[in-house]
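Residues per chain, in single letters:
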Amino acid sequence: MCGITGIISKKKIEKNIIEPMTDTIIHRGPDGFGYYYGENFTFGHRRLSIVDLSEAGHQPMEYKDRYIITFNGEVYNHLEIREELENNGYSFQSHTDTEVVMASYDFWGVDCLKKFNGMWAFVIYDRLKDKYFISRDRFGKKPFYYYKDEDNFIFSSEIKAILTHPKVKAKPNIEFLNDYLKTTCKAYITETAFENIFRFDFSSYFEGSLDELFGSFEQKKFWEIKPNLSHEKFDEKKAKEYAQKYYDLLEDAVRIRLRADVKVGSALSGGLDSSSIVYLVNKLLKEQGKEEHQETFSSVYKSDGTQECDESYFIDIMANKLGVHSNQIEPKEENIPKEIEKMIWHLENPPENSLMSSWHTFKLVSSTDVKVTLDGQGADEQLAGYLPYLMSYISSLSFTDMIKESRLCYSIPDAKKFVLIGLCMGLYRVVFGEKFLKFTLKKILNKNFEINLNKKLANDTISSLITYIHYADHTSMAFSIESRMPFMDYRLVEFLASVPACYKMRNGWTKYLARVAFDGKLPDEINWRRDKMGWPIPEKKWFEGSLKNWFTDKVNRCKICEKLNFIDNSKEFSKNVKKLNLFHWEDKFLKGSK
């Protein structure tokens, strides 16, 4: 896990540019740095030592006097790939996955990407063929931003490094920011909050010459989700088989993500997903004979007025059940203004909210000797954990099942609205048909509604989930912590996409398959917990309480908000939180303040 920078140019590159660029992302790699100066390119690298802590892991790295790479990420199955390559005559000078990535490219070409199980963003230069190979992992876990003009291709793990280049000026992307205020942050699209600075597509690669890089710059997809769109009926025997396959895949995803030469912990929210990861980490560490207690990290809210966001009751149950050491932190209200400023500097694209639960969890991790966490991101979008999914689920059922499931789901906390909407749409579909339902919703409400649950989950996995992954990467790396996500193991994602929707919601339970898989393993209070929280933040308590004057002042002083075409005179709280974020974004990036 590291931070990367680079310049590819048609003109001579000044050597004093790459170093200050790379220095801006020292938090992504505090353990070392390196540079490589080629004829038409220069690569920079900041190292966070996780695998092979020796100097053999230094980057940029060369292989076979042919390839030069700057690489950010982890290929978790590098040991298995290494063995396969060794059987084909390859040899290695280090124990790093970086060397395996280059050898894989040498052997399989661009198809090597299909072999990698992990997260990555890298650029490889091939001396022999005089071409570049750029890629980003399946879910965009590792960021890759770039600026391109007629002479320069400038890239980095973070936008602030690109802005350090003298050719690049920080300008607001008005269209992106308008959409941000109207809808939400979209970290899954090419555009960013900055004009002329873009994201390299996730699940994609570029391979080509200097001329092709500055020409078409064609990014090709190497992977996509293929959801099961059938309306298969529930079968008890199949449910047990699916649950076992799910458990086995998740356990193996955790197993390979425990590969590290540093101490590993977990973020624990108290919900089903993070508790499943903590359970499996605990089980595997015991099997490996590692006696040290597993460390878990949690943000809690025990102060008056914030308890509705507190999950410490469930966190304590889980920690006591497994005998793990539970580290807990409660954000201090008086520190929130400064912490939000820091968060915006590291997020670069303004987020949907203050992210203070995620931010403080990783801040807590950084106060210990843990360098890697295994976290529960991604399960809700694959197993239908969010309450709005009830609308797709209920509206797609037969009339009899629709009535039955509506009655059972009605008792889920805060689900009534979604159940009733799903029921109304389902009854409309039964009478008039699915096509007319979609037409009506589009015509009257101007909304596209996906009635097929698995299709909806697949769409969210490659859209909103990518944004949440962006949040997790930037908040964790702000504190030099590597966040690993077992639920984003592509084998598990492909499997869950293939499982019929009827096994994901059932008998009034969201994430039914996962609950069956961990029944008897996790405490019932967690495994069969009905309410859904997921790192909530007491923003209303803060921003309408003692921080009200500060909050209102910043929202009213947001100059960039006045320049946007989006006119909003409402006092909707969530919109004002975004305006707060925009104020700090403008202050940090457009005014030159650091």
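The notes below deal with the structure included here. The shown structure was predicted, so the numbers you read here are calculated from the model rather than taken from an experiment.

1. Re the overall build of the chain
Secondary structure summary: the chain contains 25 helices and 17 strands in total. Expected size for 594 residues packed as a compact globule is a radius of gyration near 25 Å; at 24 Å, the chain falls within 12% of this value. Taking the principal axes of its C-alpha atoms as reference, the chain extends roughly 70 × 60 × 50 Å. Taken across its 594 residues, the chain has 61% of its residues classed as buried. Excluding contacts between residues fewer than 6 apart, the proportion of contacts in the chain whose partners are at least 24 apart in sequence is 72%. Just so you have it, the chain exposes about 24300 Å², and 49% of that area is on carbon and sulfur atoms. The distance from the centre of the 85 positive side-chain charges to the centre of the 86 negative ones in the chain is 5 Å.

2. As for the nonpolar core
Core analysis: the biggest nonpolar cluster contains 59 residues, and Ile 197, Ile 340, Phe 543 and Leu 582 have the highest contact counts within it. Considering every element that reaches this core, the biggest residue donor is helix H25 (residues 573-590), with seven residues. Leaving out residues up to four positions away in the same chain, Ile 197 has contacts with Tyr 145, Tyr 146, Tyr 147, Ile 159, Ile 162, Leu 163, Val 168 and Thr 192. Membership of the second largest hydrophobic core comes to 51 residues, among which are Leu 285, Ile 317, Leu 322 and Phe 518.

3. Some words on the pairing of strand E13 (residues 263-267)
Burial analysis of E13 places four of its five residues in the buried class, which makes it a mostly covered element. Here four bridges tie E13 to strand E16 (residues 370-374), and the two strands are oriented parallel to one another. By the bridge assignment, Gly 265 is partnered in E16 with Thr 373. Across three bridges, the pairing between E13 and strand E14 (residues 295-299) is parallel. The partner of Gly 265 across the bridge, within E14, is Glu 295.

4. Thoughts on helix H2 (residues 78-86)
Three or more residues of H2 are buried, namely His 78, Ile 81, Arg 82 and Leu 85. Along the long axis of H2, the arc covered by the buried residues comes to 105°, so they all point the same way. For H2, the elements touching its buried residues are strand E5 (67-75) and helix H3 (97-108).

5. Things to note about the packing of helix H23 (residues 548-556) against H25
Here H23 crosses H25 at 70°, and the two axes come no closer than 8 Å. Here H23 is positioned roughly perpendicular relative to H25, judged by the angle of their axes. Where H23 abuts H25, its residues Trp 550, Phe 551, Lys 554 and Val 555 lie against Phe 573, Asn 576, Val 577, Lys 579, Leu 580, Phe 583 and His 584. Grouping the amino acids of the contact of H23 with H25 by side-chain chemistry returns seven nonpolar, two polar and two charged.

6. Here we look at the pattern of salt bridges
Tallied over the entire structure, the rule returns 42 salt bridges. For Lys 160, the salt bridge identified is with Glu 348, shortest N-O distance 2.9 Å. Placement of the pair is Lys 160 in helix H4 (residues 159-163) and Glu 348 in the loop between helix H10 (336-347) and helix H11 (356-366), with a sequence separation of 188 residues. The pair formed by Lys 160 and Glu 348 is uniform in burial state, with each residue classed as buried. Put simply, Glu 311 and Arg 529 hold a salt bridge, and the shortest N to O gap is 2.9 Å. Of the two residues, Glu 311 is situated in the loop between E14 and helix H9 (312-322) and Arg 529 in the loop between helix H21 (524-527) and helix H22 (539-543); the sequence distance between them amounts to 218 residues. Here Glu 311 and Arg 529 have matching classes, each one buried. Here the salt bridges share partners, and the residues they tie into one network are Arg 28, Lys 142, Glu 158, Lys 160, Glu 348 and Asp 473.

7. Thoughts on the state of the cysteines
Cysteine pairs can be linked by a disulfide, which is a covalent bond between their two sulfur atoms. Scanning the model with the defined rule gives one disulfide in all. Looking at the unpaired Cys 185, the closest cysteine sulfur is the one in Cys 561, lying at 15 Å. Cysteine Cys 502 shares no disulfide, and the gap to the nearest cysteine sulfur, in Cys 409, comes to 14 Å. Among the residues examined, Cys 502 registers a relative accessible area of 15% and is labelled buried.

What counts as what
Residues numbered from 1 in each chain as written. Predicted model: local features only at pLDDT ≥ 70, side-chain atom pairs only at ≥ 80, totals over all residues. Heavy atoms only, no water. Helix = DSSP H or I, 4+ residues; strand = E, 2+ residues; numbered from the N terminus. Rg over C-alpha atoms; globule rule 2.2 N^0.38 Å. Buried < 20%, exposed > 50% of the residue type's maximum accessible area, 1.4 Å probe, protein only. Contact = heavy atoms within 4.5 Å. Areas by Shrake-Rupley, 256 points an atom, 1.4 Å probe, with all protein chains shown as cover. Lys, Arg positive; Asp, Glu negative; His and termini not counted. Charge placed at Lys NZ, Arg CZ, Asp CG, Glu CD. Core = buried A, V, L, I, M, F, W, Y, C linked by side-chain atoms within 4.5 Å. Pairing = 2+ DSSP bridges. Arc of directions from axis to C-beta. Axes fitted to C-alpha atoms, helices over the stretch in contact; angles between N-to-C directions. Parallel < 35°, antiparallel > 145°, perpendicular 65-115°, else oblique. Nonpolar A, V, L, I, M, F, W, Y, C, P; charged D, E, K, R; others polar. Salt bridge = Lys/Arg side-chain N within 4 Å of Asp/Glu carboxyl O. Disulfide = S-S within 2.5 Å.

Read these as geometric descriptors, not functional statements.
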